[in-house]
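These are the residues of each chain, in order.
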Amino acid sequence: MKTYKLTAFEQDGEKILDEAFQAASDNEAKSVGENLLKEKGLDDKTHRCTSPAGKLILFHR
């Protein structure tokens, strides 16, 4: 399992979510990240999910 980082922001750049989670693959991490954002009602906010290697897995502006 690898540790991925999920971050969400307000329009003014304020960080409103900064959470790490475990996933077995980039595809699984994308799915987990999308689900976490939906659960928290942040899926319409600017967000990103990055892999341990710094790869951008999920992004919405």
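Above this text sits the structure in question.
Residues numbered from 1 in each chain as written. Predicted model: local features only at pLDDT ≥ 70, side-chain atom pairs only at ≥ 80, totals over all residues. Heavy atoms only, no water.

Draft legend 1. Representation of the overall build of the protein chain. Of the regular secondary structure elements, the protein chain holds one helix and four strands. Traced from its N-terminal end to its C-terminal end, the protein chain shows the element sequence β-β-α-β-β. Taken over C-alpha atoms, the radius of gyration comes to 11 Å for the protein chain, in line with the 10 Å a tight globule of 61 residues would show. Each of the three principal axes of the protein chain carries a C-alpha extent, and together these read 35 × 20 × 15 Å. For the protein chain, the proportion of contacts with a sequence separation of at least 24, taken over those separated by at least 6, is 39%. (Helix = DSSP H or I, 4+ residues; strand = E, 2+ residues; numbered from the N terminus. Rg over C-alpha atoms; globule rule 2.2 N^0.38 Å. Contact = heavy atoms within 4.5 Å.)

Draft legend 2. The pairing of strand β2 (residues 15–23), seen in detail. With eight bridges joining them, strand β1 (residues 2–9) and β2 adopt antiparallel strand pairing. Of the residues in β2, the one forming a bridge with Lys5 is Ala20. (Pairing = 2+ DSSP bridges.)

Draft legend 3. A look at the pairing of strand β4 (residues 56–60). In this structure, strand β3 (residues 46–50) lies alongside β4, joined through four bridges in antiparallel fashion. Bridged to Thr50 within β4 is Leu56. Linking β3 to β4, which pair antiparallel, is a turn of five residues; within it Gly54 sits at a positive phi near 90°.

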